[in-house]
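Below are the chains, spelled out letter by letter.
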Amino acid sequence: MARIDKWLWAARFYKTRSAATEAVLGGRVHVNGERVKPSKEVRSGDVVEISKRELRWTVTVKDAAERRGPASVAATLYEESPESRAARDQQTLQRRLARPPGADLGARPTKQARRRIDRLRGR
């Protein structure tokens, strides 16, 4: 058994343990469908739902860990559901294909065009 905040940190969902604790306190982590406190003990077989920005993971705990180790070991601590993986891949693809903010504004004005704009505005 391990605390949820330590497990999230050890499984490398968050870079620091304090970031994992803040996420749990902020309601962005649910264990077995319930909002929990950072001290909640997770066991093998628990379903953890993690929301980070617009991304969501639904993972099943395979092993508990108190300490943070290499990424190869962290990947063995959980198993992501196929639905969660597909949804994240779809979201990533949509974000990649979306136009960046400000793309519809066109190119920046040249120095000459900016001076014309300033004259029209009466500056």
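One numbering rule holds for all chains: residues counted from 1, following each sequence as written. In keeping with the model being predicted, local features are shown solely for residues with a pLDDT of at least 70 and side-chain atom pairs are shown and tallied solely at 80 or more, while totals for entire chains, interfaces and linings include all residues. Calculated side-chain values reflect all of the structure's heavy atoms, with hydrogen atoms and water omitted.

Visitor: What am I meant to see in the pattern of salt bridges here?
Guide: Pairing of side chains with opposite charge becomes possible as their charged atoms draw close. Between Lys or Arg on one side and Asp or Glu on the other, a salt bridge is scored when a side-chain nitrogen of the former is within 4 Å of a carboxyl oxygen of the latter. All chains considered together, the criterion is met by six salt bridges. Across the salt bridge formed by glutamate 49 and arginine 56, the nearest N and O atoms sit 3.9 Å from each other. A salt bridge links arginine 85 to aspartate 89, with the shortest nitrogen-to-oxygen separation between them at 4.0 Å. With arginine 85 and aspartate 89 both in helix 4 (residues 82-97), this residue pair falls four residues apart, about one helical turn. Numbered from the N terminus, helices here are DSSP runs of H or I no shorter than four residues, and strands are runs of E no shorter than two.

Visitor: What is the right way to look at the packing of aromatic side chains in this model?
Guide: The way to describe two aromatic rings as a pair is by their centre distance and the angle between their planes. Two rings from Phe, Tyr or Trp (for Trp, the six-membered ring) form a pair when their centres sit within 6.5 Å of each other. Planes less than 30 degrees apart are called stacked, planes more than 60 degrees apart edge-to-face, and all others tilted. One pass over the full model with this rule turns up four aromatic pairs. Taken together, a centroid distance of 6.3 Å and an interplanar angle of 75° make the contact between tryptophan 7 and tyrosine 78 edge-to-face. Here tryptophan 7, found in helix 1 (residues 4-10), pairs with tyrosine 78, found in strand 7 (residues 78-80); they are 71 residues apart in sequence, far enough to count as distant. Take tryptophan 7: its relative accessible area is 0%, and that puts it in the buried class. Each residue is placed in one exposure class: buried if its accessible area under a 1.4 Å probe, protein chains only, is under 20% of its type's maximum, exposed if it is over 50%, and partly exposed if it falls in between.

Visitor: Sorry, what's going on with the side chain of arginine 88 here?
Guide: Among the secondary structure elements, arginine 88 is positioned in helix 4. On the basis of relative accessible area, arginine 88 is assigned to the buried category, the value being 12%. A contact between two residues is defined here by any heavy atoms of the two lying within 4.5 Å. For arginine 88, the contacting residues outside a window of four places in its chain are Leu55, Arg56, Trp57 and Glu80.

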